[in-house]
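Topology and contacts: notes
In case you want the letters, here they are:
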Amino acid sequence: MSLRNVKKVFGAAMLAWAMSLGSAAPAQAADLKLAMSSPPTSMDPHFYNLFSNINVSEHIFDSLVKLDPDSRVIPGLAESWKLVDDHTWEFKLRKGVKFHDGAELTTEDVVWSLDRPATIQNSPGKFDVYTKAIVGKKVIDKYTIQLRTAQPYPLMLNDLTSIFIEQKKATQGLSSDDFAQGKGMIGTGPFKFVSYARDDRVELVRNPDYWGTRPAWDKVTLRFIPNPATRLAALLSGDVQAIENVPTPDLPKVRSDPKLSFFSKISHRVIYLYFDAKRDKSPYVTTRDGQPMDKNPLKDARVRRAISMAINREGIKDRLMEGLAEPTNNLVPPTLFGYNPNLKTVKYDPEGARKLLAEAGYPNGFGVTLHTPNNRYVNDEKIAQTIAQNLTRVGIVTKVEAMPMATYSAKGIKHEFSFGLLGWGAQTGEVSSPLRALLACEDSKKGFGTTNWGEYCNPKMDVVLEKALATVDDKERSRLLQEATAIAIDDGGIIPIHHQVTTWATQKGITYVPRTDERTYAHNFRPL
């Protein structure tokens, strides 16, 4: 569907679906304890664009538009929208939506929430990448707002799925740290905030006035249990009723246990490697015997391609991930907009990698440290260790340093690493998300490169990407996004490893609808 075809209100069927959400009552009253694999680093929904933060925020706050389990845009706080002209989007808010303190949601809160991300200081990953395109806001009335862009902007709906609507009077004057104390934690979401214990839990209670499908649970405890074995043990013992990210070695046991139910779905999250592609001398690059190097080999695209060829992706899938990974050379899975079918997964070729290294001037290889989180992605540290073994076999002597995600992200955003493992989910449902955040040249005014920790920059790719972001014809936009992806991937801007397959397990009698975006929502677990 082209952008111009959105000039009518979003399809009547979807509106009927959205309005029907409010009619469903909970089947029973109960408490739910849910174990999640990664703790949030901030409770401020506008501070840090990190998955674990977003996942918690979405229990308390809503966005104007949302994504369904297959990452398609559906109504949220906005019940409808249309294009007034090629530069102006108009949104109609649902009437009667209440914040948790009983105050009604209005366009004043929407304007505040769209303005606030740009004001956040010291964010490791700012949300204003999703608001940069908006150059004007016009309040028509209490429930109607128009957003104007400088040029045709087909990603408006996708971007707005990532901006949570806060209450203006509750959050004015607050620092991001204040949210951890419960200040400002007043949203329109399915649950009300009760308490937060860092790295341990968030406690919530059901919002009886929620505008959508009312949760089945009176009280929810989100437990943060990064250790996979401990997380599964909590499920088996009954300490929690549901978990995300089932430990891969335990998949056969979980699948065959009659007391448990298992759910899975391929994710839009790509696990990838990034490089220090800017500095002539890089802090964690050495000779094979550990001496500093005057020249940074990671700046050479041939070296980056050699690293990609040295990685045994199928081995990681089969032996480490128990089949729950899809090796890739793309930034998004085939179901998402902008996927490039011509980018075939790089074959494991250690001999070819050695030849490329020699061609680049490193016949004897070099040394490097691969940094990684150890509590964020499925088997993240184990994946890094396996990659290190692969690289060492071709002459790149690699050691691994792993740390919690909170520490890792604080260092990574400062470009402290030479070589790292990271994951990115295409939150907006298409490939422009990772292209803008991970590979575009850093430009705060454009909202580009917000998570470009290797400082990779290819102006040729940026030109194509910017053209795509201003192209209203979907077929042409897809072609341009595919072209931009090919430029960056062929240049080794980052190296995709695989897309995760996300898993969940529950005690028997509880069901869950798995999601492409990996989100784990307490309100989407329901008793049978």
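Now for a description of the structure that goes with this document. (Residues numbered from 1 in each chain as written. Predicted model: local features only at pLDDT ≥ 70, side-chain atom pairs only at ≥ 80, totals over all residues. Heavy atoms only, no water.)

**Some words on unusual backbone geometry**
Within the chain, Asn245 stands out as a residue other than glycine whose phi angle is a positive 55°. In this fold, Asn245 is placed in the loop between β11 (242-244) and α7 (251-256). (Helix = DSSP H or I, 4+ residues; strand = E, 2+ residues; numbered from the N terminus.)

**With respect to the pattern of salt bridges**
One pass over the structure, following the stated rule, counts 34 salt bridges. Ionic pairing is found between Lys82 and Glu90, a salt bridge with its closest N-O pair at 3.8 Å. The partner of Lys137 in a salt bridge is Asp115, and the shortest N-O contact between them spans 2.7 Å. With Lys137 in strand β6 (residues 134-141) and Asp115 in helix α3 (residues 107-115), this pair connects stretches of sequence that are 22 residues apart. Asp115 gets classed as partly exposed once you look at its relative accessible area, which sits at 34%. Each of Asp68, Asp70, Arg72 and Lys265 takes part in one network of salt bridges that share partners. (Salt bridge = Lys/Arg side-chain N within 4 Å of Asp/Glu carboxyl O. Buried < 20%, exposed > 50% of the residue type's maximum accessible area, 1.4 Å probe, protein only.)

**Re the packing of aromatic side chains**
All told, the structure shown has ten aromatic pairs when counted by the stated rule. Relative to Trp453, the ring of Tyr274 lies with its centre 5.9 Å away and its plane at 90°, an arrangement referred to as edge-to-face. Taken together, the residues span a long stretch of sequence, with Tyr274 in strand β12 (residues 260-275) and Trp453 in the loop between α13 (432-439) and α14 (459-469) at a distance of 179 residues. Taken together, the ring pairs in this structure connect Tyr274, Tyr408, Phe417 and Trp453 into an aromatic cluster. Geometry around Phe51 places Arg269 over its ring, the cationic atom sitting 4.6 Å from the centre. (Phe/Tyr/Trp six-rings, centres within 6.5 Å; stacked < 30°, edge-to-face > 60°. Lys NZ or Arg CZ within 6 Å of the ring centre and 35° of its normal.)

**Describing the state of the cysteines**
Throughout the structure, instances matching the rule amount to one disulfide. A disulfide bridge connects Cys441 with Cys457, and the sulfur atoms are separated by 2.0 Å. A torsion of 90° about the S-S bond marks the disulfide between Cys441 and Cys457 as right-handed. With a gap of 16 residues between them, Cys441 in the loop between α13 and α14 and Cys457 in the loop between α13 and α14 connect regions that are remote in the sequence. Assessed through its relative accessible area of 12%, Cys441 is described here as buried. Overall, Cys457 belongs to the partly exposed group, its relative accessible area being 44%. (Disulfide = S-S within 2.5 Å.)

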